[in-house]
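So the chains spell out like this:
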Amino acid sequence: MMNPFKPIFRCLLLLVLVAGLQQHTMAQINVTGQIRDSEDSSPVVGATVLVKGTGTGTITDVDGNFSIEVPSPDDVLVFSYVGYESQEIPVDNQRVINVSLAVSASQLDEIVVVGYGTVRKSDLTGSVGSVNGDELNSVSQTSVDQTLQGRVAGVRITQTNAEPGGGFSVRIRGTNSITAGNEPLYVVDGLPGTNPLNSLNPSDIESVEVLKDASATAIYGARGSNGVIIITTKQGKKEAPLTVNYNVSVGLQEPSRMLDMMNAQEYMSFYNDVYADRGQAAPFSAEDIRRIGNGTNWQDEVLRSAGVQDHRISFSGGSKETQYYLSLGYFNQAGIILNSGFQRFSGRINLVHAISEKFKVGINFNNSIEHKTSARITNGVNVEAGVVGAALQMPPTDPVYDDNGNFGISLQDLSNPVGQAETIDEFDNISRMFGNAYIDYKFFDALSAKLNFGFSRRNIEGDYFFDTQTLIGQLQEGQANKTFNGNTDYLIEFTSQYDPELGDDHRLSLLGGFGYQQFVSTGFSATSRNFSSTAFGSNNLGAGEAAQNLVTSSKQENTIVSGFARLNYNMYDKYLLTGTFRADGSSRFGENNKFAYFPSGALAWRISNESFFPEGNFIDDLKLRASIGISGNQEIGNGQSQILLGRGPVAVLDGMEFESIAPIQLANPDLKWETTQSFNVGVDMTVLDGRISGSVEYFINKTRDLLLALPVPTTTGFGTSLQNVGDTENRGFEFNVTSRNLIGAFSWTTSLNFATLQNEVISLGELPRILQGGVRFLNDFTLLEPGVPMNSYFGYEYVGVFQSESDIENSPTQANSYVGGRKFRDVNGDGAITPDDRTVLGNPFPNLTLGLNNVFKFNNFQLEFFFEGRFGYELANVTTIDSENPIDDLRNRQRYVLDRWTPTNNSSNVPSFIQPSRSFDFNSRVVEDASFLRLRNFRLAYSFPGMGGRSISGLTIYLAGQNLITITDYRGYNPDINVFGSSNTVIDYTAYPLARTYSFGIDVKF
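Residues numbered from 1 in each chain as written. Predicted model: local features only at pLDDT ≥ 70, side-chain atom pairs only at ≥ 80, totals over all residues. Heavy atoms only, no water.

The name that an unreviewed UniProt entry assigns to the chain is SusC/RagA family TonB-linked outer membrane protein, with the source organism given as Flavilitoribacter nigricans. Recorded in UniProt under Subcellular location (unreviewed entry), the annotation for the chain is "Cell outer membrane". Quoted verbatim from the Sequence similarities (unreviewed entry) heading of the UniProt record, the comment on the chain is "Belongs to the TonB-dependent receptor family." (UniProt positions renumbered as here; feature names shortened; annotations may be inferred.)

Now for the overall build of the chain. When its secondary structure is counted, the chain shows twelve helices and 54 strands. Compactness check: the chain gives a C-alpha radius of gyration of 31 Å against a globular reference of 30 Å for 1006 residues, within 12% of the reference. Buried positions account for 54% of the 1006 residues belonging to the chain. In the chain, once contacts between residues fewer than 6 apart in sequence are set aside, the share between residues at least 24 apart is 69%. The chain carries 74 positive and 108 negative side-chain charges, and their two centres are separated by 3 Å. (Helix = DSSP H or I, 4+ residues; strand = E, 2+ residues; numbered from the N terminus. Rg over C-alpha atoms; globule rule 2.2 N^0.38 Å. Buried < 20%, exposed > 50% of the residue type's maximum accessible area, 1.4 Å probe, protein only. Contact = heavy atoms within 4.5 Å. Lys, Arg positive; Asp, Glu negative; His and termini not counted. Charge placed at Lys NZ, Arg CZ, Asp CG, Glu CD.)

Turning to the domain arrangement of the chain, a few remarks are in order. Split into domains, the chain comes out as domain 1 (29-101), domain 2 (250-261 + 297-790 + 846-868 + 920-1005) and domain 3 (794-839). With centres defined by C-alpha atoms, the gap from domain 1 to domain 3 works out at 78 Å. (Domains from an automatic or database assignment.)

Here E239, not a glycine, exhibits a phi torsion of approximately 50°, which is positive. Mapping E239 onto the fold places it in the loop between β16 (228-233) and β17 (240-255). For E239, a relative accessible area of 22% gives the class partly exposed.

To continue, consider the sheet that holds strand β53 (residues 987-988). Spatially, β50-β49-β53 is the arrangement adopted by the three strands of the open sheet, whose pairing is mixed. Looking at the sheet topology across the chains shown, the edges are occupied by β50 (927-929) and β53. The sheet contact formed by strand β49 (residues 874-877) and β50 spans three bridges and is antiparallel. Directly across from L875, in β50, lies its bridge partner E928. (Pairing = 2+ DSSP bridges.)

With that out of the way, let us pick up helix α5 (residues 264-278). The end-to-end C-alpha distance of α5, which contains 15 residues, comes to 21 Å, matching closely the 21 Å that a straight helix rising 1.5 Å per residue would cover. Buried residues of α5: A264, Y267, M268, F270, Y271, N272, V274 and Y275, and no others. Of the surrounding elements, those touching the buried residues of α5 are α6 (286-292). Two or three places before Q265, at the opening of α5, N263 has a side-chain oxygen 3.2 Å from that residue's backbone nitrogen. One or two positions beyond α5, positive phi appears at G279, with a value near 80°. (Expected span 1.5 Å × (residues − 1). Polar contact = N/O pair within 3.5 Å; in protein donor to acceptor, adjacent residues only side chain to side chain.)

Here you go:
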C-alpha cells in the first residue's frame, strides 16, 4: 500500500533545498543575535526578523536566537512579534545584534474579530470571548467544538456521542428555545452558517471569537439569538519568509471508566437469592456456580485500547503583494469499541494578493474527506439494544461463541454485542468543501468596499448492513441500507466601510451591507431485507425481497436576504458607542411575517482615561459597558408556515385502489421569528502593569414568541398547529481573569473563567405545562412549566424501602407495594401514590461552569494543564434502570445491587427486587448529581535549544493527555453526555464510553 506521507516529506525536502540554494546565490553578510523580553529577559521564541523591504527573513529559535543573511550593510532589520513593539535597526557593519522587545503598551490594543470586521479590544462594547489558536492546539483534537470545551465563560459544550468523530452540542448563555434550534451560528472566514464540524483541522485556526450579547450578535439578525462563533483561520504574513511547520503525534486510548458489573458467580448467587426470596426454585446449582468462574466480561470483550495519530504540515509566508498559507492534515483515530473509528484527510489554502494599492483579492478554501466507522449505539431495548446496551445486560454466563464457533445467541432477547461490533457495518463517507473568495477595493483611505462570494457543500454517503450472524440480523434475514444526504449553500455579500478622519479626539466607523444566502438539501434512502444470501453485503440491494424494499427521497430549499448597518464612535478615547441594525427576510416564515428587524445599542466608558482617575494607581485600565438589543432565531425547519401535501389514504374506485395526495400540515401565515432580547453589563479591568486582566459581566436574555404546537379544533382535520406563544429567560454572571503570577526564567500564567446560569420557563401561553421525553418504555419524564428550568426532570421522589407490612399499611396507598420494595413520597398529600405525585427531580443546566488553565515555563520546558468543571446540575442515568428493573429477568446488573434490602440487611436503601414493576421507573434514584471536575488536557513540552540554523528553526517534543482524571459522584460512563444529541431533553442511556488518551508528539519548524 502506498505510504500517504511520502509526498509530504518529498515536498518538504524540496522546499528546504530550494530555500538553501536561494540563500547562497550571492555574497551576503551573516548577522546573528538574540531577542529577549525587555521586562524579564526571557527569550522571545518565534519572533520574526526581516530585511526591510524584502521577503528575506527568519524566525527565532527556542532560545530567542536567530541567524540571517543580509544582502548589504545598508539594509535595515525589522524585529517583531505579536504583543510586542516592533523595532527597526540598521545593519551597518554589525555582525551580532541583540534586541530587547518591549511588551505592547496594553493588552487592550489586541485586535478582536467581530461580525464583518475587527475592533481594538479597548474599543469593544459588547460581550465577546476570544481564544487564540495556540490555546486550542495544545493537544490533538478532532473538531473546533472539542477544542473550545471549557475555554470561554458561559459556553457549555456537551458531547452527544463520545465515539471518534462524534458530535457536540453547544449552548451559549443557556437554552432559549423549546422547539427551534439552540445551536450557535458559525462564521468561518466570513462565511456564515457553516458549522465546520470535523472537517476543519484545528491547527489551521488563528483565533475563535464567541459573540454572546445582542450588541455583538445583532449584526447577524435572524440567526444570532443563540450566539455566534467566529472562526478565523491562519493567513500568510507580509514580507515573511517561507515557514514550514510539521507536527505529528501518536497516542493510545483506553476507556476512562468501566461500569462495575456482576461477574458470573456474583450474578448466579444474586439470582439464586432473589428467587429464594420469591419462593421460587434457584435457577443455578452450587456446581454451576463453582464451575463458572468469572464468566464473560462483556465490557472487556467489546472495549479495547486503541491508537490515534495526527499529522499536520503547513507552509506559510508572503511578499509585500502576496501572502499564502497552505496546509495538509491526516487524522486517524481508532475507537475504544471494536471496529469503530474515524479518519480525515484535510487541506486548506488561504491566499491574498494585492493587485494594486487599492485593489486586493483573496480566497479561503477548505476541503476534507472523512470516513467514519460507527459501532451500533442505540437507545433501543431488547434485540434493538446496541453494542453498549447489550454488553451491560448480557448474562456473564453466556459465552461469546458457541461450540461451533458462531456468535452465541442469548435467551435474553439481546443480540450478541461482539457479534454486533464485528458483523454490523455502519459506514459514513463524508466529503466537505467550503470557502469564500472576495474582492476588496479601497476608493480612498477612508472608504472601502468588499464583495464576498461563499460556497459550502457537505455530502454524506451512508452504508449500513446487518448480517445474519446476529440476532437482530436474523430477524430480517439480513438488512441493507444505502443513504445519501447533501447540503449546499451559496452566499453573496456586499459590504462597505467608511472611516472618516475626524481628528485625534474622535473616531467614527460606519459599516453597511446586504447579503443573500440560499440553502439546498437533498436526501435519498434505499433499504432492502430478506436476502437469500448476505454475501453481497449492501452492494446488491436488488438481491433482497422486492416486496420489502423501501425507497425515499427529498429536497428542500430556503433562502435568507439581509441588509445591515453598524456605527462605532469613539470620543476622546473615553466614551464609546456602538449601534447595529439588521433586517432579515426568510422563506421559512409566514406570508405576513417574512421580514423582521433587529436593532442593538451599546455604550462604554473608559474611566481610566478620565483626568480625575488617579495616576500611579494599581489599576491600569478600567472600562464599564452596557448593551441591549434584539436578535432572532429562524432554525425551525422548512415549510412550517405552509400547507404541506403528502401521501394520503388509499382510495377505492370501481374496485381499484388509488394512492391519494392530501394535506399533512395546517398553514399559519402569521408564523414569525422567535426573538431574544439581551441586556448585558460588564466591567473590564487591567491591573498591576498588565500582570492581571479580566472582566465581570451580568446578562439577562428574554426569548419571546416561542414556537409551540398548540391544539386546534378537530374540524380543521388536524390535531395541532405551530403557533408563536411562550417565553423563556436565561440570566447569570460571567467572570474571566488572566494572571501572570510569576515572570522571569520561571514563569507561571493562570487563566480562569467561570459562569453562573439560571434558566426558567416564563410562559407557555394557554398551556399549563408540557411533558416531553421518551425512551425504554418511559414517556413524559421532563417538564416544561412556568417557574422551573426548561426540561427539568419529572418523576417520583424515592424515599426508601418498605421495612414491614405495618410500614406499608401506614403509608400512602401505592401499587405493587411489598416489604423490601420501593417507597415514594405522596407529594400532594391525597393518601395515594399516583401520577399527580410526580415532581421536579432535577435541573439539567449547571448552576456553575468553570475553566482553569495553568502554564508553567522554565528554561526550555513548558507544562500546561487545563481543568473543566460543571457544578449544580443533574443527569438522568437511565442505564441504571436496566439494573434496578430489567425488562427480562436474568439479565446482568451493576454490582451495587448485591447490597439489596433483605431482612438481615434492612439498613440498605437499595430495593430487594423481589417483585419488579415498571410503574414508577423514572424516579429520583435515576436522576443523579452529575457535577464534575475533569483534567481535560495536560501537556509537557521540551524545546531544543540552538535550533537557529538555516534548515530547522525550532524543534519541540511533548507528552500530552486528555480526560486523565474526572472527579464526580455520577455512576455512569460520563457525566458530560446527552444521547439525544442537541435536544433539550438530556439523558444518558448506554452511551459510547469516554476515552482517556496519552500521546507523544514532535513539532518541527523549517
